[in-house]
Amino acid sequence: MDNLGVIVPFYNEKNTLAESIERLLNQNIFAEIILSDDNSNDGSDKIAKQYEDSNENIKYIKSLENKGKGNALNNAKDFITTKFVVIHDADLEYFPEDIVEMFEKAKTNPQSLIIGSRFIGNKERINIYRRTYFANKVMSLFFSFIHFCKISDIATCYKMMATKIFKEIELVENGFSIEIELVSKFLKKHKSIIEVPIKYEGRSYEEGKKIRPLDGLMYLINSIKYKIY
């Protein structure tokens, strides 16, 4: 059975978490939703627990300490039971209706990594910071050059693959470099990557955006690191 689960890694997203979950529920394509809390302390946990209590397809888990997005994804591994899994951040920058198209690609290409790209196609995108926009393009070009592949958006949140493949990838990064590590390690065994255009609405740092310039530098360093090791 081609069913789909989604992992929602989050940390202190009290203002956006409920709407993010509602967006997922409105698509009605997810067999399970794993809410993976990286030790929030702003009340996000209460919101997540309420959704778990009211929906049998939602599971809430919480880390004992705050380590980063990679940690939240790792913690969710043992709870995924579906054939396919996708990652969805809780910050409202992404739109789950795009996952529907990604899922159609995954079902006919089960050994491929399906990436939601903010740089191909003509879907609506709002980029607040031009420096972030160009940094993402540079990082994607650099990663593609290092790994002998063509990826237009390496830093995107939306990545979908067979759960079996996801569980086989041993993740060690805790922070945002998880994006680089995940794709790099996928490419070690599986060469097929399919990109699907997605919508995007970037948020500001005042609204809670967490990625920083140092994370961009680590993207470049880890592109080389995970190609070698």
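Residues numbered from 1 in each chain as written. Predicted model: local features only at pLDDT ≥ 70, side-chain atom pairs only at ≥ 80, totals over all residues. Heavy atoms only, no water.

(A) Structural detail: helix α3 (residues 69-76). When you tally the buried positions in α3, you get six out of eight residues, the bulk of the element. Where α3 is concerned, the buried positions are Lys69, Gly70, Asn71, Ala72, Leu73 and Ala76. Residues of α3 that are buried in the fold lie against β1 (4-10), β2 (30-37), β3 (58-62), β4 (84-87), α6 (163-168) and α7 (178-189). (Buried < 20%, exposed > 50% of the residue type's maximum accessible area, 1.4 Å probe, protein only. Helix = DSSP H or I, 4+ residues; strand = E, 2+ residues; numbered from the N terminus. Contact = heavy atoms within 4.5 Å.)

(B) A look at a nonpolar patch on the surface. A grouping of Leu217, Met218 and Ile221 is seen on the molecular surface, where their side chains present a nonpolar patch of about 240 Å² in accessible area. The residue Met218 is located in helix α8 (residues 213-228) in this model. For Met218, a relative accessible area of 31% puts it in the partly exposed group. (Patch = residues over 30% accessible without salt bridge, like charges linked within 9 Å, V, L, I, M, F, W, Y side chains within 5 Å. Areas by Shrake-Rupley, 256 points an atom, 1.4 Å probe, with all protein chains shown as cover. Salt bridge = Lys/Arg side-chain N within 4 Å of Asp/Glu carboxyl O.)

(C) Broad picture of the nonpolar core. Counting 60 residues, the largest nonpolar core has Leu4, Phe30, Ile33, Leu35, Met160, Met161 and Phe166 as its most contacted members. Discounting residues that sit within four places of it in the chain, Phe30 has contacts with Leu4, Gly5, Val6, Leu24, Val86 and Ile99. (Core = buried A, V, L, I, M, F, W, Y, C linked by side-chain atoms within 4.5 Å.)

(D) Expanded view of the packing of helix α1 (residues 17-27) against helix α2 (residues 44-54). As a packed pair, α1 and α2 sit with axes 10 Å apart at the nearest point and diverge in direction by 25 degrees. On the basis of their axis angle, the class for α1 and α2 is roughly parallel. Of the two possible hands of crossing, α1 and α2 adopt the one that is right-handed. Counted together, Leu17, Ala18, Ile21, Glu22 and Leu25 of α1 and Ser44, Ile47, Ala48 and Tyr51 of α2 form the full contact between these two elements. Tallied by class, the residues present in the contact of α1 with α2 amount to seven nonpolar, one polar and one charged. (Axes fitted to C-alpha atoms, helices over the stretch in contact; angles between N-to-C directions. Parallel < 35°, antiparallel > 145°, perpendicular 65-115°, else oblique. Left-handed = near helix turned anticlockwise from the far one by under 90°. Nonpolar A, V, L, I, M, F, W, Y, C, P; charged D, E, K, R; others polar.)

(E) Molecular detail of the pattern of salt bridges. In the structure shown here, the tally under the stated rule is 17 salt bridges. Note that Lys69 is salt-bridged to Glu179, the shortest N-O span being 2.6 Å. Separated by 110 residues along the polypeptide, Lys69 in helix α3 and Glu179 in helix α7 bring together distant segments of the chain. Its relative accessible area of 12% is what places Lys69 among the buried residues. Asp98 is paired through a salt bridge with Lys123; the nearest N and O atoms lie 2.6 Å apart. Of this pair, Asp98 sits in helix α4 (residues 97-108) while Lys123 sits in the loop between β5 (113-117) and β6 (125-126); the two residues are 25 residues apart in sequence, bridging distant segments of the chain. Note on Asp98: relative accessible area 2%, which makes it buried. Here the salt bridges do not stand alone but share partners, grouping Lys69, Asp89, Lys159 and Glu179 into one network.

(F) Region of the structure containing the packing of aromatic side chains. Across all of its chains, the model carries six aromatic pairs by this definition. Pairing Phe10 with Tyr60 gives two aromatic rings, centres 6.5 Å apart and planes at 25 degrees, and the pair type is stacked. One end of the pair, Phe10, is in strand β1; the other, Tyr60, is in strand β3, and 50 residues separate them in sequence. This pair shows no difference in class: Phe10 is buried, exactly as Tyr60 is. Relative to Tyr133, the ring of Phe119 has its centre 5.4 Å away and its plane inclined at 70 degrees; by these criteria the two rings are edge-to-face. Highlighted residues: Phe119 in the loop between β5 and β6 and Tyr133 in helix α5 (residues 130-147), separated in sequence by 14 residues. Taken together, Tyr94, Tyr158 and Tyr200 form an aromatic cluster joined through their ring pairs. The side chain of Lys199 reaches across the aromatic face of Phe95, ending 4.2 Å from its centre. (Phe/Tyr/Trp six-rings, centres within 6.5 Å; stacked < 30°, edge-to-face > 60°. Lys NZ or Arg CZ within 6 Å of the ring centre and 35° of its normal.)

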